[in-house]
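Inside the fold
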Amino acid sequence: MKGFKNLLLAIATLPFMASCLDSPDSFSQSGFANVSCDYGYANTTKGFAGLYSLGGNWQISQNSGGDWCKLDRMSGSANMFYKIGITFEPNTTDTVRAVRFVARDVEDDGMASFIVYQFATRGDGSLGSSPLVKAIKGDDGSLVELEYDGVCRPTSLVMSKNSEVLHDMTLSYFESDSTIAVKTGRGYMSSKYNIGYMPKDILASTADTISGKFTDNLGYCVFYLMEKMHLKGYKAMSLLYSEQQAAFEVPYLDWEHKADSLKYIAKDGSGKTLVSESLGLEYSDNSNRRQSVDANQLLLGIENCSPYALLGLYRNTRISRIISTAKSAAGNYSVATTLNADKSVATMAVTDKNGETVNYTFEYYR
């Protein structure tokens with residue numbers, strides 16, 4: 001190996017970087033300075049890798065896997081940097097899949113094998129085969145209406161109760177600069193999005209600020225979702241996970257996770273507390289990843305349902321199982337669901353701590 005050992009194969013978009021060499025032995029034997037490549041979610045369409053060789057001309061061949069993943073370039077010259085596009089087909093298999101490629105120096109025996117992965121879940125946390133929810137209708141007069149684009153990204157949400165509109169959102173995705181823009185009745189919010197089309201940063205406008213982040217709490221993992229509405233107060237939700245935070249990172253993105261507890265608070269513009277709940281959570285055996293929306297967000301009623309969490313824009317708010325009981329010192333919430341043949345939610349009945357029940361019916365695009 002005289003030239004190809006100096007080949008650098010590196011991800012062009014660093015936030016998406018994941019090692020894709022077959023093993024540490026491959027790394028040491030290949031002589032690569034670094035080998036990394038993009039991964040995809042179930043609804044990811046495009047990714048990128050970068051290739052730079054100080055050796056001879058090079059070529060790449062596919063060693064295993066299907067035809068759902070394609071590299072835009074399979075060969076090139078030495079002493080040049082190439083940004084190589086990766087094209088993914090939708091993954092509806094409900095299992096992670098992989099393609100192995102082999103990069104070779106055509107002038108000697110230098111080579112290295114690397115793998116591109118595509119996960120079973122979409123960026124929003126739902127499985128790639130999950131049907132898209134068209135509407136959710138509650139017998140308390142609540143209604144959620146949804147629209148999506150061709151790669152299962154939400155483009156519109158209207159949430160209302162007894163004809164009073166609570167949220168009216170239009171979502172746009174700009175591939176030229178990887179930006180997601182959300183138009184509400186109070187203005188526009190925007191952020192860069194990640195490879196799963198979820199906001200990477202705070203969504204903000206002059207009227208609203210939406211943010212989500214992890215913190216470490218004595219070995220536990222806490223995810224916070226804050227919605228701050230200028231002059232109208234704020235809403236905040238936190239989920240306490242006893243699992244390691246690594247379960248939410250590559251290569252564990254498809255792992256199921258369940259929060260130990262949930263806290264929710266809503267205040268008006270004067271600082272008056274409107275709702276405050278601290279709930280211990282128990283779960284049914286029913287998956288919460290079999291439909292495009294996070295059904296658990298209906299637990300506290302439509303007035304306290306975050307549209308951002310319902311759509312899965314903050315993936316880590318989606319608990320993988322549907323809640324059966326949420327316990328508080330003042331009483332319990334209980335949830336009963338029926339499922340369709342594909343295990344998506346057909347109906348959900350939520351009974352609050354005062355014994356009042358709301359029945360929700362889910363309708364789908366088929």
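Residues numbered from 1 in each chain as written. Predicted model: local features only at pLDDT ≥ 70, side-chain atom pairs only at ≥ 80, totals over all residues. Heavy atoms only, no water.

Counting its regular elements, the protein chain contains two helices and 26 strands. In the protein chain, which comprises 366 residues, the proportion classed as buried is 51%. Taking all contacts inside the protein chain whose residues are at least 6 apart in sequence as the whole, residues at least 24 apart take part in 56%. Summing over all exposed atoms, the protein chain offers an accessible surface of approximately 16400 Å²; the carbon and sulfur share of this is 50%. (Helix = DSSP H or I, 4+ residues; strand = E, 2+ residues; numbered from the N terminus. Buried < 20%, exposed > 50% of the residue type's maximum accessible area, 1.4 Å probe, protein only. Contact = heavy atoms within 4.5 Å. Areas by Shrake-Rupley, 256 points an atom, 1.4 Å probe, with all protein chains shown as cover.)

What follows covers the side chain of threonine 179. Residue position: threonine 179 is located in strand β15 (residues 179-184). Look at threonine 179 and you get buried, because its relative accessible area is 12%. Side chain to side chain, threonine 179 and aspartate 177 meet in a polar contact 3.0 Å long. (Polar contact = N/O pair within 3.5 Å; in protein donor to acceptor, adjacent residues only side chain to side chain.)

Using the criterion set out here, one finds 11 salt bridges in the structure. Residues aspartate 149 and arginine 153 are paired through a salt bridge, measuring 2.7 Å at the closest nitrogen-oxygen approach. By relative accessible area, arginine 153 is classed as buried at 10%. Through salt bridges with shared partners, one network takes in Asp140, Lys161 and Glu303. (Salt bridge = Lys/Arg side-chain N within 4 Å of Asp/Glu carboxyl O.)

Membership of the largest hydrophobic core comes to 60 residues, with the highest contact counts inside it found for Leu281, Leu299, Met348 and Phe362. Not counting the four nearest positions on each side in its chain, leucine 299 is found in contact with Leu279, Ile323, Ala326, Tyr333, Val335 and Val350. (Core = buried A, V, L, I, M, F, W, Y, C linked by side-chain atoms within 4.5 Å.)

What follows covers the side chain of glutamine 291. Checked against the element boundaries, glutamine 291 lands in the loop between β22 (273-287) and α2 (307-310). Assessed through its relative accessible area of 0%, glutamine 291 is described here as buried. A polar atom in the side chain of glutamine 291 sits 3.1 Å from the side chain of asparagine 288. Once residues lying within four places of it in the same chain are set aside, the contact partners of glutamine 291 are Ser126, Ser130, Pro131, Val133, Arg318, Ser344, Val345 and Tyr364.

Moving on: the sheet that holds strand β5 (residues 58-64). Sheet strands associate in pairs through backbone hydrogen bonding, adopting either a parallel or an antiparallel arrangement. The strand order across the open sheet formed by four strands is β7-β5-β9-β10, and the pairing between neighbours is antiparallel. In this open sheet, the two strands that pair with only one neighbour each are β7 (75-76) and β10 (111-118). Two elements, β5 and β7, share two bridges in a ladder whose sense is antiparallel. Bridge pairing in β7 links tryptophan 58 to glycine 76. (Pairing = 2+ DSSP bridges.)

Remember that the coordinates give geometry; whether it matters functionally is a separate question.
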